[in-house]
Amino acid sequence: MSRILLLHTGGTIGMTRTEKGYRPDGKYFREAVFHMDSLKTKDMPEWEFMETPKLLDSSRMKASDWNLIGSAIAENYDRFDGFVVLHGTDTMAYTASALSFMLKGLSKPVILTGSQIPLCETRSDGRDNLITSMMIAGDAKVKEVCIYFGGLLLRGNRATKYSADGMQAFVSPNYAPLATAGISIQYNENSFLAHRSGKFECRPFAEVPIAVMKVFPGIQKEVFESIFTDKLKGIVLETFGSGNMPGDPETLLPIFAKAADNGTVITVCSQCLQATVDMNAYEAGSLLRSAGAVSGRDMTTEAAVAKLHYLFSVYQDADQVRFNMERDIRGEMSQKLDL
Ligand code: ASP
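I will try to describe carefully the structure that is included in this document. (Residues numbered from 1 in each chain as written. Predicted model: local features only at pLDDT ≥ 70, side-chain atom pairs only at ≥ 80, totals over all residues. Heavy atoms only, no water.)

**Considerations on the packing of aromatic side chains**
1) Next: Evaluated as defined, the whole model comprises 14 aromatic pairs.
2) Next: With a centroid separation of 6.1 Å and an interplanar angle of 65 degrees, the aromatic rings of Phe-80 and Phe-83 are classed as edge-to-face.
3) Next: For Phe-80, a relative accessible area of 1% puts it in the buried group.
4) Next: Residue classification places Phe-83 among the buried positions, given a relative accessible area of 1%.
5) Next: Linked through ring pairs, Phe-29, Phe-34, Trp-47 and Phe-49 together constitute an aromatic cluster.
6) Next: The ring of Tyr-77 has Lys-108 lying over it, and the distance from NZ or CZ to the ring centre is 4.5 Å. (Phe/Tyr/Trp six-rings, centres within 6.5 Å; stacked < 30°, edge-to-face > 60°. Buried < 20%, exposed > 50% of the residue type's maximum accessible area, 1.4 Å probe, protein only. Lys NZ or Arg CZ within 6 Å of the ring centre and 35° of its normal.)

This is the structure:
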């Protein structure tokens, strides 16, 4: 029988109501989980329960919290066949992306899940999300960082939160689901991560000054000037369509080129959920290429943020970060064959 670790980090699933709104409640959740009969049936793997030191609303998480989760998995890696991380939905796609980079050479399932309605409420979706995630972790078929939510198993670094109200909160618009859970769990093995990079190790992230900026029609050059400080290591630009920028290229080019010269890695993603950036498709996108920006291709913003953190934790040199940003490391982007 397989053994899995259930790691509670916070989020709606384990919250109870307070005067100020829902808040993580470790004692309530622990007792609820230990009393859930369905977690003790023969269909379930054996499990152990752990908590991170401070249970958080995931909107408050930062890189050091990703490190805590990564090291909890790494410290217990040999003792378990799979891991379920209970997490808030707001930043679950960021944490899943971060873990996918941090846990190098991963060969066991790490499934992040949570719920839209707390487990303490009658209509909670937490029960199914928890049970199915535990079964998927116990099956140990998929050996990568995933999000299971509302019947879909998605690659973590391809997923994005799509709904704040619906029970199917996540989608992965540029990548097929790894499994769907209806009456049975149907794995889509063709979508599983094929390459794995060597021996397992956890590579914690440094705190890196990174920004995300969504462009809009009429955005002023001063906005770029104020954000491109000397300290800024990386920025994810959410551009229009396939990587197009508003504004006058002649005014903007020197601002972007100066930022790139200062060592800021400008990564171009799209505001469209379903998109692949191609900075050569339109003149409006070629400005970015001439200014030294790199293409995020079909990466989510969440994956691009986590990848910048990861690469800047591994490399000092901005050119090495630029080079690797455009390469698929953990299945976060479709291969660019003409690079
Ligand atoms: N604010 C909550 C969190 O991200 C939302 C949720 O879990 O659904 O922790």
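**So, the sheet that holds strand E12 (residues 179–181)**
Within a beta sheet, neighbouring strands are joined by backbone hydrogen bonds and run either parallel or antiparallel to one another.
1) Next: Taking strand neighbours across the sheet as the criterion, the eight strands line up as E4-E1-E5-E7-E8-E9-E12-E13 in an open arrangement whose pairing is mixed. The open sheet has two free edges, formed respectively by strand E4 (46–56) and strand E13 (185–187), since each of these has just one partner strand. Shown here is a sheet whose adjacent strand axes are inclined to one another by a mean of 20 degrees, direction ignored.
2) Next: In terms of strand pairing, strand E7 (residues 110–113) meets strand E8 (residues 145–149) through three bridges, oriented parallel. Note on E8: the bridge partner recorded for Leu-112 is Ile-147.
3) Next: Running over the sheet, helix H2 (residues 63–75) touches strand E1 (3–10), E4, strand E5 (82–86) and E7 and is turned about 160 degrees from E4.
4) Next: The sheet strands contacting helix H3 (residues 92–102) are E7 and E8, and the helix crosses E8 at an angle near 155 degrees. (Pairing = 2+ DSSP bridges. Helix = DSSP H or I, 4+ residues; strand = E, 2+ residues; numbered from the N terminus. Axes fitted to C-alpha atoms, helices over the stretch in contact; angles between N-to-C directions. Contact = heavy atoms within 4.5 Å.)

**Concerning the site of the ligand**
1) Next: In the vicinity of the ligand, the contacting residues are Gly-11, Thr-12, Met-15, Asp-57, Ser-58, Gly-88, Thr-89, Asp-90, Ser-115 and Gln-116.
2) Next: Within the contact set of the ligand, an oxygen atom lies 2.8 Å away from a side-chain nitrogen or oxygen of Thr-12.
3) Next: Within the contact set of the ligand, an oxygen atom lies 2.5 Å away from a side-chain nitrogen or oxygen of Thr-89.
4) Next: The fraction of the free accessible surface of the ligand (260 Å²) that becomes covered by protein chains is 89%.
5) Next: Tallied by class, the residues present in the shell around the ligand amount to one nonpolar, seven polar and two charged. (Near = heavy atom within 4 Å. Polar contact = N/O pair within 3.5 Å; in protein donor to acceptor, adjacent residues only side chain to side chain. Areas by Shrake-Rupley, 256 points an atom, 1.4 Å probe, with all protein chains shown as cover. Nonpolar A, V, L, I, M, F, W, Y, C, P; charged D, E, K, R; others polar.)

**Looking at the pairing of strand E9 (residues 152–155)**
1) Next: Burial along E9 is two-sided: the face carrying Leu-152 and Leu-154 and the face carrying Leu-153 and Arg-155 are both buried.
2) Next: The antiparallel hairpin formed by E8 and E9 contains two residues in its connecting segment, where Gly-150 sits at a positive phi of about 55 degrees.
3) Next: Strand direction decides the pairing type here: E9 and E12, joined by two bridges, are antiparallel. By the bridge assignment, Leu-153 is partnered in E12 with Ala-179.

**Description of the environment of Thr-251**
1) Next: You can see Thr-251 is positioned in helix H6 (residues 249–261).
2) Next: A distance of 2.5 Å separates the side chain of Thr-251 from the side chain of Asp-248, its partner in a polar contact.

**So, the packing of helix H8 (residues 301–314) against helix H9 (residues 318–325)**
1) Next: Look at H8 against H9: their axes get within 10 Å of each other, and the N-to-C directions meet at 140 degrees. The angle between H8 and H9 places the two elements in the oblique class. The two elements H8 and H9 cross, and the hand of that crossing is right-handed. On H9, the residues touching Ala-304, Lys-307, Leu-308, Leu-311 and Phe-312 of H8 are Val-321, Asn-324 and Met-325. (Parallel < 35°, antiparallel > 145°, perpendicular 65-115°, else oblique. Left-handed = near helix turned anticlockwise from the far one by under 90°.)

**Let's talk about unusual backbone geometry**
Most peptide bonds adopt trans geometry, and most residues besides glycine take a negative phi value.
1) Next: Backbone geometry at Ala-140 places phi at a positive 55 degrees, although glycine is not the residue there.
2) Next: Here Ala-140 is to be found in the loop between helix H4 (126–139) and E8.

**Notes on the sheet that holds strand E18 (residues 294–295)**
1) Next: Read across the open sheet, the four strands follow the order E15-E16-E17-E18; overall the sheet is parallel. Looking at which strands have only one partner, the edges of the open sheet turn out to be strand E15 (210–214) and E18.
2) Next: With six bridges joining them, strand E16 (residues 234–239) and strand E17 (residues 265–270) adopt parallel strand pairing. Opposite Gly-234, over in E17, you have Val-265 as the bridge partner.

**Looking at the packing of H3 against H8**
1) Next: Orientation of H3 relative to H8, taken along the N-to-C sense of each, is 40 degrees, at an axis distance of 8 Å. Judged on the interaxial angle alone, H8 and H3 are oblique. The crossing of H3 and H8 is right-handed. Between H3 and H8, the contacting residues are Ala-93, Tyr-94, Ser-97, Ala-98, Phe-101 and Met-102 on the first element and Thr-301, Glu-302, Ala-303, Val-305, Ala-306, Lys-307 and Tyr-310 on the second.

**So, H6**
In an α-helix there are 3.6 residues to a turn, and that puts residues three or four apart on one side.
1) Next: Over its 13 residues, H6 extends 18 Å from the first C-alpha to the last, a length consistent with the 18 Å expected when each residue adds 1.5 Å.
2) Next: When we look at burial in H6, the residues that qualify are Leu-252, Ile-255, Phe-256, Ala-259 and Ala-260. The arc that holds the buried residues of H6, viewed along the axis, is 135 degrees, so those residues lie on one side. Turned more than 90 degrees off the buried face of H6, the exposed positions are Glu-250, Lys-258 and Asp-261.
3) Next: Each element contacted by the buried residues of H6 is listed here: helix H5 (221–227), E16, E17, helix H7 (283–290) and H9. (Expected span 1.5 Å × (residues − 1). Arc of directions from axis to C-beta.)

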